[in-house]
Amino acid sequence: MNEAGIKEETLSAKLISEAADLITAASLAVVSTGAGMSSESGVRTFRGEDGFWREYRAEDLASIEGIRRNPGLVWEWYRERLKACEELEPHAGYSALVRIQREKSILPLITQNVDGLHQKAGIKDVIELHGSLRTASCIDGCGAPCVRMTEDLFEELPPRCSCGSILRPDVVLFGEQLPHQALKRAFRLADSCDLMIVIGTSMVVYPASSIPLIALRRGVRVIEINTEETPLSSVEGTLNLRGTAGRILPEIVKVAYGV
Ligand code: OAD
């Protein structure tokens, strides 16, 4: 029971139903996801108890200087991450997003994730703000086309560009700008959507964290699905659904569209 004496399940059912109503009523809903979206599929988050940044220093593994200093170590890490992502399967929350996308016909999805699980699940129109693990490019920007990250790329570490320099993964590294077109589109969507659904991000990495705030400032409702509170949770206009994406998203879909 909570303070008002309402049973937790009732409260949760009420919130799920409110979220389902907001989604069915929206003309342009936009989804924004972070590492928590992938965690039930087995991808580690960055800041949780088992998060990458509890074990490693971001500046060692996710910066240009880190790659130049110790390319073998960094590429070992990316090889492991890529292998994990290839082997993992999208959970039920992804299928729920596919269903919402089918029902609404337009449902752009902005993500900070680089693991490709949204696309693997069949979600269309994915805007990758932090790049992706699919390809790698010359660290010195020699102009050679990007290379697909497949197992044979890792036969000798670090992998090299045809010009002889080392390759870097096409993910956004610390200190780098976000891909211009992706960021521009994300800001435009925040400016034009009438609902935003924010899933599994700690909301601490700028500029991705500013995107829902742009929508909220226009009076647009934001549904937050997260296992924990974030800086977004207490902002007026946010509907807080506390729990995992793999449980909550299918529940919303069930209420909104039936099984
Ligand atoms: P974080 O690891 O910072 O946050 C993950 C969030 O997901 C936390 O708020 C958790 O409470 C929540 N969470 C965990 N499991 C969940 C679940 N099953 N369902 C719902 N929520 C869950 O990840 P991000 O916010 O994505 O950047 O991190 C942002 C950026 O920081 C990353 O893209 C990466 C990192 O440094 C770069 O590498 C450039």
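As shown above, the structure is provided for reference.
These numbers come from a predicted model, not from an experiment.

Peer 1: How should the pairing of strand β8 (residues 221–226) be read in this particular structure?
Peer 2: Within a regular strand, the side chains alternate between the two sheet faces. In terms of burial, β8 is largely enclosed, as 5 of its 6 residues are buried. Summarising the sheet, strand β7 (residues 195–199) and β8 pair through 5 bridges and their orientation is parallel. Each residue of the ladder has a partner; that of Ile 197, found in β8, is Ile 223. In terms of handedness, the path from β7 via helix α10 (residues 211–217) over to β8 forms a crossover that is right-handed. Note that β8 and strand β9 (residues 238–242) share 5 bridges and pair parallel. Looking across to β9, one finds that Ile 223 is bridged to Leu 239.

Peer 1: Looking at this model, I keep getting lost on the pattern of salt bridges. Mind explaining?
Peer 2: Pairs may arise between side chains of opposite charge once their charged atoms sit close together. The final tally for this structure, using the stated rule, is 17 salt bridges. When the shortest N-O distance is used, the salt bridge between Asp 50 and Arg 44 registers 3.7 Å. Among the charged side chains, a salt-bridge network with shared partners connects Arg 57, Glu 59, Asp 60 and Arg 69.

Peer 1: I'm lost on the packing of helix α7 (residues 92–104) against helix α11 (residues 245–257) in this one. Help?
Peer 2: For any two helices packed against each other, one specifies the inter-axial angle together with the distance between the axes. Running from amino to carboxyl end, α7 crosses α11 at an angle of 30°, the nearest separation of the two axes being 7 Å. You can see that α7 and α11 cross each other, and the crossing is left-handed. Side by side, α7 and α11 meet where Ala 92, Gly 93, Ala 96, Leu 97, Arg 99, Ile 100, Glu 103 and Lys 104 of the first sit next to Ala 245, Gly 246, Leu 249, Pro 250, Val 253 and Tyr 257 of the second. In terms of residue class, the contact of α7 with α11 is built from 9 nonpolar, 2 polar and 3 charged.

Peer 1: Before we go on, may I ask you to explain the site of the ligand in this structure?
Peer 2: Close to the ligand lie 23 residues; Phe 46, Arg 47, Thr 201, Ser 202 and Asn 226 are nearest. Between a nitrogen atom of the ligand and a side-chain N or O atom of Glu 40, the distance comes to 2.9 Å. Contact distances for the ligand include 3.3 Å between an oxygen atom and a backbone N or O atom of Gln 112. For the ligand, whose unbound accessible area comes to 800 Å², protein coverage reaches 91%.

Peer 1: What should I look at first to understand the state of the cysteines in this one?
Peer 2: Disulfides are covalent bonds that link the sulfur atoms of two cysteine residues. Inspection of the entire model under this criterion finds 0 disulfides. Cysteine Cys 142 is unpaired, with the sulfur of Cys 161 as its nearest cysteine sulfur at 3.6 Å. Left unpaired, Cys 163 is separated from the closest cysteine sulfur, that of Cys 138, by 3.7 Å.

Peer 1: Could you clarify how one ought to interpret the environment of Asn 226 in this entry?
Peer 2: In this fold, Asn 226 is placed in strand β8. On the accessibility criterion, Asn 226 (10% relative accessible area) is buried. Along the backbone, Asn 226 and Ser 210 are 16 residues apart, and their C-alpha atoms lie at a distance of 17 Å. Residue contacts for Asn 226: discarding those within four places in its chain leaves Gly 200, Thr 201, Leu 241, Arg 242 and Gly 243. At 2.8 Å, the side chain of Asn 226 forms a polar contact with the backbone nitrogen of Glu 228.

Parameters at a glance
- Residues numbered from 1 in each chain as written.
- Predicted model: local features only at pLDDT ≥ 70, side-chain atom pairs only at ≥ 80, totals over all residues.
- Heavy atoms only, no water.
- Buried < 20%, exposed > 50% of the residue type's maximum accessible area, 1.4 Å probe, protein only.
- Helix = DSSP H or I, 4+ residues; strand = E, 2+ residues; numbered from the N terminus.
- Pairing = 2+ DSSP bridges.
- Right-handed = clockwise from strand over helix to strand, strands pointing away.
- Salt bridge = Lys/Arg side-chain N within 4 Å of Asp/Glu carboxyl O.
- Axes fitted to C-alpha atoms, helices over the stretch in contact; angles between N-to-C directions.
- Left-handed = near helix turned anticlockwise from the far one by under 90°.
- Contact = heavy atoms within 4.5 Å.
- Nonpolar A, V, L, I, M, F, W, Y, C, P; charged D, E, K, R; others polar.
- Near = heavy atom within 4 Å.
- Polar contact = N/O pair within 3.5 Å; in protein donor to acceptor, adjacent residues only side chain to side chain.
- Areas by Shrake-Rupley, 256 points an atom, 1.4 Å probe, with all protein chains shown as cover.
- Disulfide = S-S within 2.5 Å.

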